[in-house]
Each structure stands twice: as C-alpha cells, then as structure tokens.
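Read off the chains here:
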Amino acid sequence: MTRPDPGVLLGLAEAAAGAAAAMLAAGRPAGPAGRPEVAGTKSSPTDVVTEMDRAAEKLIIAQLLAARPGDAILGEEGGEQGGGPGAGQVRWVVDPLDGTVNYLYGLADWSVSIAAELDGTVVAGVVTVPAHGEVFTATLGGGAWLHAGGGPPVGLRCNTGVPLDRALVSTGFGYAVPRRIVQGQVVGALLPRVRDIRRGGSCAVDLCSLAAGRVDAYYERGVNYWDYAAGGLVATEAGAVLGGLAGRPASTGMTIAAEPALFAQLRDLLASLDAERDA
C-alpha cells in the first residue's frame, strides 16, 4: 500500500473545511436575533448542538470519503465510523463546529477543525476561522502556517522567553456545574500569577492563537480529542509543547500548551492547584 502523503491529506482537509465553513457562515441568520435553531444538548442544558453542527459534519464526511472511501472517521457528532486497523490507515478527526455557543450568539471565534491521522499519529491539520478570514494549517515536520487576506502563507512561531508572571494565558470552562466550580477556583488562583487570562470559546482557535503569538499559553480541562487534534498540531509545529499533567499526554482530563519552559511552569502550577478534578 502506498503511504499517503501528508500534503495531499492536508489539501483534502482544507477543501472539506472550507466547504463546511462556507455553509456555516451562509446558514447563520444575520443580526442579534437571528440565532440558528438549537437541535439538542450534550453535557448540560447550556452545552448546545445546532442542526448546522450536524449538517457541517455530514458535508465534511461525504467530501472526505468521496476522495478516500476506505478511510476511518472520528466525528464529534457521529462518533467513530469506517476503516479498520492496519499499516497506512488514515483516520480523519472532525470537529465540524468548534465554538458552537459563539456561533449561536454571533461571536467571531468559531471554527471548523479537521485533522488527519496516519497510523495513529496526526500528520496534517487545518483550522478554518471564517469570521476572521483565517485558515491555519500544519503538517508533521512541515511547520505551521497562517493563510489570510489572499496573500502568501505566513510561518508561525509561538512566543518564547515569557515567564509565567508575564504570560497571557487562554483557557475555557466546561458546562457541568461541578466542573465549573473547580475551574473558577483554579482560574482565581492563577489570575494573580500571570499577566492576564483570555477566554475565547474555541479550543481550536485558542491553540492557533498560541501558534501565532497572540497568547503565550493555553490550558483547559474537559476538551475532547477532536477539539485539539488539528489545533494541537498547528501549535506544536509552531514550537509549543502539548501535554497534560504528570507527564501524561493532552486529554479530556487536562490539555496544556506553551513553549517548553513556560509549559513546565504552567503545568507545575496547575498540578499544585489540583486542577484535574471536579467538585
């Protein structure tokens, strides 16, 4: 079997993400009262999913499988489907709408995120942020790039040499009350120790902002693999470390990203705050 080229996989991901982003942007009613219909909820009554989430995922999957019918898919809305283990196996990790509440309210930080795994390793990723007119891409070993304004792609590098007490740190919060209680305690303890906190509402966008030097670090408890698979590759290809607490990989338990020295400082502080817990 010919080993798939990450650049080719990236091209397919970009095309599918672009099509879904265009559909989502066109499908959102204009104006503050023009909210998409909520189709259901996930972890709590405030953790919503819209019909547009589902339609975008169906569009992405159809486009990817039309090009590569034997591949596996892991989608936020549809779960695992297709494919099987084996050398050269490609699995697409799809978040059709990261930042659904932002999308619902007409805020700009929502994205379409698609990663391509090869033999279990993410080798290509794209995060499309339509409201900002930006597309972030990365391939394993090929760097991270920002495409915007029709100009040539710009190589990305995360900020370095920033101590924790001067770091601008992005984070997010879960929707279940027991988790929010602890997250409020953790961010309250963290705030006096850093430059400031930012809460954008999309894990994928936050990780790309880290790659672009717009924030210095990111952490969050409760994000899923599809939230950070593509953005995590963008961040690591821009020089960041992506991981969890106590030497564990990034996970739903805790996801942290920053350049290596700052990563260590933030990880140790979060560990001291017992941040990987719920009330």
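Residues numbered from 1 in each chain as written. Predicted model: local features only at pLDDT ≥ 70, side-chain atom pairs only at ≥ 80, totals over all residues. Heavy atoms only, no water.

Q: An account of the packing of aromatic side chains is requested, with residue identities and associated values reported.
A: Tallying each qualifying case throughout the model produces 2 aromatic pairs. Here the aromatic rings of Y225 and Y228 are separated by 5.7 Å at their centres, their planes lie at 75°, and the arrangement is edge-to-face. Of this pair, Y225 and Y228 both sit in helix 6 (residues 225-237), 3 residues apart, which is roughly one turn of the helix. Residue class for Y225 comes out partly exposed when judged on its relative accessible area of 24%. (Phe/Tyr/Trp six-rings, centres within 6.5 Å; stacked < 30°, edge-to-face > 60°. Helix = DSSP H or I, 4+ residues; strand = E, 2+ residues; numbered from the N terminus. Buried < 20%, exposed > 50% of the residue type's maximum accessible area, 1.4 Å probe, protein only.)

Q: Can you break down the pairing of strand 7 (residues 121-129) residue by residue, with the values?
A: With 8 of 9 residues buried, strand 7 is to be regarded as a mostly interior element. Where strand 6 (residues 111-118) lies against strand 7, 7 bridges are found, and the strand directions are antiparallel. By the bridge assignment, L118 is partnered in strand 7 with T121. Once strand 6 ends, the chain turns through 2 residues before running back antiparallel as strand 7, passing D119 with a positive phi of about 55°. Bridge count between strand 7 and strand 8 (residues 134-139): 6 bridges; the pairing is antiparallel. The residue bridging A124 from the neighbouring strand is T139, located in strand 8. (Pairing = 2+ DSSP bridges.)

Q: Outline helix 7 (residues 260-272), listing residues and values.
A: Along its 13 residues, helix 7 runs 18 Å from first to last C-alpha, staying within 8% of the 18 Å computed at 1.5 Å per residue. For helix 7, every residue scored as buried is listed here: L262, F263, L266, L269 and L270. Down the axis of helix 7, the buried side of the element spans an arc of 140°, and every buried residue falls inside it. Buried residues along helix 7 sit against strand 11 (168-170), helix 4 (177-190), strand 13 (217-220), strand 14 (241-243) and strand 15 (255-258). (Expected span 1.5 Å × (residues − 1). Arc of directions from axis to C-beta. Contact = heavy atoms within 4.5 Å.)

Q: Could you give an account of the side chain of D98, naming the residues involved and the relevant values?
A: With respect to the helices and strands, D98 occurs in strand 5 (residues 90-98). Within the structure, D98 has its side chain in polar contact with the side chain of S202 (distance 2.7 Å). Here C203 takes part through its backbone nitrogen, which lies 3.1 Å from a polar atom of the side chain of D98. (Polar contact = N/O pair within 3.5 Å; in protein donor to acceptor, adjacent residues only side chain to side chain.)

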